Amino acid sequence: MNTHASLEAKEIFGTTTFFSNPKPISLIDRLLRFSSQKDDIILDFFSGSATTAHAVMQLNAEDGGNRKFIMVQLPEETDPKSEAYKAGYKNICEIGKERIRRAGKKIEEELKAKSTKGDLFEGDKEVKMVDTGFRVLKVDSTNMKDVYYSPSQYNQQMLLDLESNIKDDRTDIDLLYGVLLDWGVPLSLPHITEKIGGKDVHFVNDTDLVACFEEHVPEEVIREIARRKPLRVVFRDSSFRNSPDKINVTEIFKTLSPETTIKVI
């Protein structure tokens, strides 16, 4: 089994030395065929080189399934003397991500080759293109600044530092996914960013959730968002110049999209 798995790793990476005991695709494939349905979510808490993700994509390509995978792996650092480290992979997660990319590309090329040859049917089964995309998320602390002091302990500079309640190193994407978690919205939903009035507006699954984290969002942008009738909408506190502006947003949505739930962070 390990010899076969090492050969599979060599085919993907061009080396057999990244992992000493990789899982063979054939073993995971066998387990998937016995235990999964075509629309299941496959969870691997010890992802390693992401063999399970590779097997899921391969099986989807073979039987037209729509299985999804969740790979969980601590970012364990690679040994500086190892071939993986020398190849640029500083931790195990980086190896897994690269394997998914390479395996997905290989599977897509094989399916395109079948399409070119006209072999889109194997027996009575139609060979379909497979989704090989994936997202990478990591566990982190809250996006909000930590407050450890009682009111009597604050000074003027500390208050100025808290003018924004969001940590300085956080991006729009950090804030968006934090809100998705707070609201219990699936992290796998499609997400696009659109420019409205020069401001970045994020749309998750069309209008399941719409978010704008820009500073001082003008009224015309608020109205355009409201006209889309989102299920949920979120802004940051600094999106508004003052309290009257914030109240005005509520009134705009009451008029144009009364069913929308509004959140300000």
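Residues numbered from 1 in each chain as written. Predicted model: local features only at pLDDT ≥ 70, side-chain atom pairs only at ≥ 80, totals over all residues. Heavy atoms only, no water.

Undergrad: Looking at this structure, I do not really get the overall build of the chain. What am I missing?
TA: Scanning the chain from N- to C-terminus turns up 9 helices and 9 strands. Partitioning the intrachain contacts of the chain with sequence separation of at least 6 by distance along the chain shows that 55% fall at a separation of at least 24. Entry remark: accessible area of the chain is about 16300 Å², with carbon and sulfur atoms responsible for 51%. (Helix = DSSP H or I, 4+ residues; strand = E, 2+ residues; numbered from the N terminus. Contact = heavy atoms within 4.5 Å. Areas by Shrake-Rupley, 256 points an atom, 1.4 Å probe, with all protein chains shown as cover.)

Undergrad: Is there a simple way to explain the sheet that holds strand E6 (residues 199-204) in this structure?
TA: Hydrogen bonds along the backbone pair up the strands of a sheet, which may run parallel or antiparallel. Strand order in the open sheet made by the 5 strands is E5-E6-E7-E8-E9, with mixed pairing throughout. Looking at the sheet topology across the chains shown, the edges are occupied by strand E5 (191-196) and strand E9 (261-264). In this sheet, neighbouring strand axes are inclined to one another by 20 degrees on average, regardless of whether the strands run parallel or antiparallel. Here 4 bridges tie strand E8 (residues 232-235) to E9, and the two strands are oriented parallel to one another. Along E9, the bridge assignment pairs Phe 235 with Val 264. (Pairing = 2+ DSSP bridges. Axes fitted to C-alpha atoms, helices over the stretch in contact; angles between N-to-C directions.)

Undergrad: What exactly am I supposed to notice about a nonpolar patch on the surface here?
TA: A cluster of nonpolar side chains, Ile 41, Leu 43, Phe 45, Phe 46 and Ile 70, forms an exposed patch at the surface whose accessible area comes to about 590 Å². Topologically, Phe 45 is positioned in the loop between strand E1 (41-44) and helix H3 (51-63). (Patch = residues over 30% accessible without salt bridge, like charges linked within 9 Å, V, L, I, M, F, W, Y side chains within 5 Å. Salt bridge = Lys/Arg side-chain N within 4 Å of Asp/Glu carboxyl O.)

Undergrad: In this structure, what is going on with the side chain of Ser 36? I would like to understand it.
TA: By secondary structure assignment, the location of Ser 36 is in the loop between helix H2 (25-35) and E1. Taking the relative accessible area as the measure of exposure, Ser 36 reaches 10% and is therefore buried. Polar side-chain contacts of Ser 36 include one of 2.7 Å to the backbone oxygen of Leu 32. Polar side-chain contacts of Ser 36 include one of 3.0 Å to the side chain of Arg 67. Contact partners of Ser 36, with chain neighbours within four places excluded, come to Leu 31, Ile 42 and Arg 67. (Buried < 20%, exposed > 50% of the residue type's maximum accessible area, 1.4 Å probe, protein only. Polar contact = N/O pair within 3.5 Å; in protein donor to acceptor, adjacent residues only side chain to side chain.)

Undergrad: Looking at this structure, how should I read the pattern of salt bridges?
TA: Should the charged atoms of two oppositely charged side chains come close, the side chains can pair. Applying the stated criterion to the full structure yields 18 salt bridges. Salt bridges sharing partners connect three or more residues here, namely Glu 194, Glu 224, Arg 227 and Arg 228.

Undergrad: Explain the packing of helix H8 (residues 219-227) against helix H9 (residues 243-256) to me, please; I cannot follow it from the model alone.
TA: Helix-helix packing is characterised by the crossing angle of the two axes and by the distance between the axes. It is at 9 Å that the axes of H8 and H9 come closest, and there the two elements cross at 35 degrees. With respect to the hand of their crossing, H8 and H9 are arranged in right-handed fashion. Of the residues in H9, those in contact with Glu 219, Ile 222, Arg 223, Ile 225, Ala 226 and Arg 227 of H8 are Asn 248, Val 249, Ile 252, Phe 253 and Leu 256. Here the contact of H8 with H9 is built from residues that sort into 7 nonpolar, 1 polar and 3 charged. (Left-handed = near helix turned anticlockwise from the far one by under 90°. Nonpolar A, V, L, I, M, F, W, Y, C, P; charged D, E, K, R; others polar.)

Undergrad: Help me understand H8 in this model?
TA: Along an α-helix, a turn takes 3.6 residues, which lines up residues three or four apart on a common side. The complete set of buried residues in H8 reads Val 221, Ile 222, Ile 225 and Ala 226. The buried residues of H8 occupy an angular sector of 135 degrees when projected down its axis, which confines them to one face. The inward-facing, buried residues of H8 abut E5, E6, strand E7 (209-212), E8 and H9. (Arc of directions from axis to C-beta.)

Undergrad: How do you make sense of the side chain of Lys 97 when you look at a structure like this?
TA: Tracing the chain through its elements places Lys 97 in helix H5 (residues 92-117). Once you skip the residues sitting within four places of it in the chain, Lys 97 turns out to touch Phe 134 and Val 136.

Undergrad: Looking at this model, I keep getting lost on the packing of aromatic side chains. Mind explaining?
TA: The description of an aromatic ring pair rests on the distance of the ring centres and on the angle between the ring planes. Following the criterion strictly, the structure yields 2 aromatic pairs and no others. Taking the centre distance of 6.0 Å and the plane angle of 80 degrees together, the rings of Phe 13 and Tyr 89 count as edge-to-face. With Phe 13 in helix H1 (residues 2-13) and Tyr 89 in the loop between helix H4 (83-86) and H5, this residue pair connects regions lying 76 residues apart in the sequence. Using a relative accessible area of 10% as the deciding quantity, one classes Tyr 89 as buried. If you follow Lys 90 out to its NZ or CZ, it ends over the ring of Tyr 85, 3.9 Å from the centre. (Phe/Tyr/Trp six-rings, centres within 6.5 Å; stacked < 30°, edge-to-face > 60°. Lys NZ or Arg CZ within 6 Å of the ring centre and 35° of its normal.)

Undergrad: Please explain unusual backbone geometry as it appears in this structure.
TA: A negative phi angle characterises most non-glycine residues, just as the trans form characterises most peptide bonds. Unusually for a residue other than glycine, Asn 205 sits at a positive phi of about 50 degrees. Of note, Lys 229 is a non-glycine position whose phi angle comes to about 55 degrees, a positive value. With respect to the secondary-structure elements, Lys 229 resides in the loop between H8 and E8. For Lys 229, a relative accessible area of 51% puts it in the exposed group.

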